[in-house]
Amino acid sequence: MKIDIQRITEGEESLVLRYKEATPTINRILDILRDQDNRIWGRIDGETVVVNREDILYLESVDEKVFAYTKDKVLRLDGSLTSFLMETGDDTFFRASKSVVINVNRVISLKSLPSNRIDITMEGDEHLIISRRYASEFRRLLRGEG
Amino acid sequence: MSDKNVPSIWERYLTKEIGIEFKACLYFFAILFFYCVYRIIGGVYVASILHMAEMIFTCYGICYLQVYAFANFDEAEQLKVRECMGMAVCTLIYCLISYVGGWFGKSILPTVLFACYLLLTYFCVFLIYKYKRLIDDKTLNAELKLFQTEHKKERE
């Protein structure tokens with residue numbers, strides 16, 4: 001496949017993709033172009049997989065590796081939890097502890113725990129804890145003060 | 001989420017210390033009430049400043065023990081063996097100090113009643129915190145639903 005990349009200083013930016021067959025590579029490029037803000041790329045057993053951002057229930061960092069959990073998949077992501085939060089820039093993803101980021105829209109219920117911690121029940125009945133360090137910030141987020 | 005919104009180690013330490021101070025004052029007033037009732041029943045209408053000083057310092061010391069050694073048992077989710085042990089040990093220390101300090105004239109009966117009163121106080125405080133959390137649950141879940149509804153609307 002011939003690749004022609006030109007950097008321009010003037011005029012309108014454009015991107016033309018000419019293909020005969022929709023190969024996986026072409027589909028991936030198209031996916032990025034169509035919905036680049038809403039897709040998350042990850043790997044399952046070495047295979048590249050894409051999921052909608054809103055399908056992610058939570059992300060967890062284990063031994064400096066980041067995993068994203070959906071209802072039925074566990075994806076390994078590149079980068080860190082901090083870089084994920086910076087890239088998404090979406091307040092529906094909230095840091096619940098040093099190693100966990102939750103998707104607030106996929107939370108079923110909350111339970112107040114002693115020492116100002118919060119127990120979260122995610123879809124799929126998984127329980128996570130918002131540590132006291134982040135609990136006040138979470139309360140502010142829910143009140144729209146974040 | 002910016003780091004400036006996350007409490008620093010100093011702020012978290014301060015929060016814990018304020019919690020201990022609050023607890024110490026709470027138990028001090030509970031003990032002072034029992035002490036005053038005891039004095040009034042005995043026909044004495046004055047309280048010893050020395051006894052009150054002993055009480056507040058004892059409360060501070062025991063509240064530190066409560067928070068750091070017994071995992072803050074009066075704020076626990078459930079009263080299990082560890083929590084009950086904490087209550088018993090703290091009550092025992094209060095009773096020993098009250099006996100040595102002569103808060104109740106070194107009499108056994110008032111000291112035993114004091115122990116029962118302390119255990120009841122601990123249980124009541126445990127219930128108060130538990131109901132406070134139940135109310136908090138309702139508020140949190142209502143705010144969560146509102147947050148999710150607003151975000152759903154934004155997406156649509």
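Everything discussed here concerns the structure shown above.
From a predicted model like this one, the values you see are computed outputs, not experimental measurements.

The rules behind the values
- Residues numbered from 1 in each chain as written.
- Chains lettered and ligands numbered in written order.
- Predicted model: local features only at pLDDT ≥ 70, side-chain atom pairs only at ≥ 80, totals over all residues.
- Helix = DSSP H or I, 4+ residues; strand = E, 2+ residues; numbered from the N terminus.
- Rg over C-alpha atoms; globule rule 2.2 N^0.38 Å.
- Buried ≥ 20, exposed ≤ 12 C-beta atoms within 10 Å, placed from the backbone.
- Contact = placed C-beta atoms within 7 Å.
- Pairing = 2+ DSSP bridges.
- Nonpolar A, V, L, I, M, F, W, Y, C, P; charged D, E, K, R; others polar.
- Axes fitted to C-alpha atoms, helices over the stretch in contact; angles between N-to-C directions.
- Left-handed = near helix turned anticlockwise from the far one by under 90°.
- Arc of directions from axis to C-beta.
- Core = buried A, V, L, I, M, F, W, Y, C linked by C-beta atoms within 7 Å.

Colleague: Outline the overall build of chain A, supporting the account with residue identities and numerical values.
Modeller: Within chain A, the regular secondary structure consists of 3 helices and 10 strands. Starting at the N terminus, the α and β elements of chain A follow one another as α-β-β-β-β-β-α-β-β-β-β-β-α. At 19 Å, chain A has a C-alpha radius of gyration far larger than the 15 Å of a compact globule built from 146 residues. Considering only C-alpha atoms, chain A reaches an extent of 60 × 40 × 25 Å along its principal axes. Buried positions account for 23% of the 146 residues belonging to chain A. When contacts within chain A are restricted to residue pairs at least 6 apart in sequence, those whose partners lie at least 24 apart make up 32%.

Colleague: Which residues make up the overall build of chain B, and what values do they have?
Modeller: When you go through chain B residue by residue, the secondary structure sums to 4 helices and 0 strands. In sequence order, chain B lays out its α and β elements as α-α-α-α. In terms of C-alpha radius of gyration, chain B reaches 21 Å, well past the compact-globule figure of 15 Å for 156 residues. Dimensions of chain B along its principal axes, counting C-alpha atoms only, are 75 × 35 × 30 Å.

Colleague: Residue-level account of unusual backbone geometry, with values.
Modeller: Unlike most non-glycine residues, A:Glu64 shows phi in positive territory, near 65 degrees. Position of A:Glu64 relative to the elements: it lies in the loop between strand S3 (58–62) and strand S4 (65–69). A positive phi angle, near 50 degrees, is found at B:Ala71, a position not held by glycine.

Colleague: Describe the pairing of strand S6 (residues 93–97) of chain A, listing the residues and the values that go with them.
Modeller: All names here are of chain A. For S6, the buried fraction is high: 4 of the 5 residues fall into the buried class. Taken together, the 4 bridges between S6 and strand S7 (residues 100–103) define a ladder with antiparallel strand orientation. By the bridge assignment for S7, Arg-95 is matched with Val-101. Taking the residues between adjacent antiparallel strands as the criterion, S6 and S7 are bridged by 2 residues.

Colleague: Can you explain the interface of chain A and chain B? Please cite residues and give values.
Modeller: Taken together, the contact between chain A and chain B spans 21 residues of the former and 19 residues of the latter. Sorting the residues of the side of chain A that touches chain B by element identifies S6, strand S8 (107–113) and helix H3 (132–142) of chain A as the ones contributing at least two each. Here the residues of the side of chain A that touches chain B are counted per class, giving 10 nonpolar, 6 polar and 5 charged.

Colleague: Any details on the packing of helix H3 (residues 81–101) of chain B against helix H4 (residues 108–155) of chain B? Residues and values, ideally.
Modeller: All names here are of chain B. The interhelical angle for the contact between H3 and H4, taken along N-to-C directions, is 145 degrees, at an axis separation of 10 Å. In the crossing of H3 with H4, the sense of the turn from one axis to the other is right-handed. On H4, the residues that touch Met-87, Thr-91, Tyr-94, Cys-95, Ser-98 and Tyr-99 of H3 are Thr-111, Phe-114, Ala-115, Leu-118, Leu-119 and Tyr-122. Of the residues in the contact of H3 with H4, the class split is 9 nonpolar, 3 polar and no charged.

Colleague: Give a detailed account of H3(A), specifying residues and quantitative values.
Modeller: Within the span of H3(A), buried status applies to A:Tyr134, A:Ala135, A:Phe138, A:Arg139 and A:Leu142. Mapping the buried residues of H3(A) onto a view down its axis gives an arc of 150 degrees, with all of them on the same face. On the buried face of H3(A), the contacting elements are S6, strand S9 (117–122) and strand S10 (127–130) of chain A together with H4 of chain B. The positive-phi residue at the C-terminal boundary of H3(A) is A:Gly144, with phi of around 80 degrees.

Colleague: Hey, could you go over the sheet that holds S10(A) for me, with residue numbers and the actual values?
Modeller: Residue and element names in this part refer to chain A. What the 3 strands build is an open sheet, ordered S8-S9-S10; its pairing is antiparallel. Here the strands that pair on one side only, and so sit at the sheet edges, are S8 and S10. Between one strand axis and the next, the sheet turns through 25 degrees on average, direction left out of account. One ladder, built from 4 bridges, connects S9 with S10; its direction is antiparallel. Along S10, the bridge assignment pairs Thr-121 with His-127. Running at roughly 70 degrees to S9, H3 makes contact with S9 and S10 of the sheet.

Colleague: Report on the nonpolar core, specifying residues and quantitative values.
Modeller: Core analysis: the biggest nonpolar cluster contains 27 residues, and A:Ala96, A:Val101 and A:Ile102 have the highest contact counts within it. Broken down by secondary-structure element, the contributors of at least two residues to this core are S3, S4, S6, S7, S8, S9 and H3 of chain A together with H4 of chain B. Residue contributions to this core peak at 4 residues, all from H3(A). When residues no more than four places from it in sequence are discounted, the contact partners of A:Val101 are A:Tyr58, A:Leu59, A:Leu81, A:Phe84, A:Leu85, A:Phe93, A:Phe94, A:Arg95 and A:Ala96. Membership of the second largest hydrophobic core comes to 18 residues, among which are B:Met55, B:Met87, B:Tyr94 and B:Trp103.

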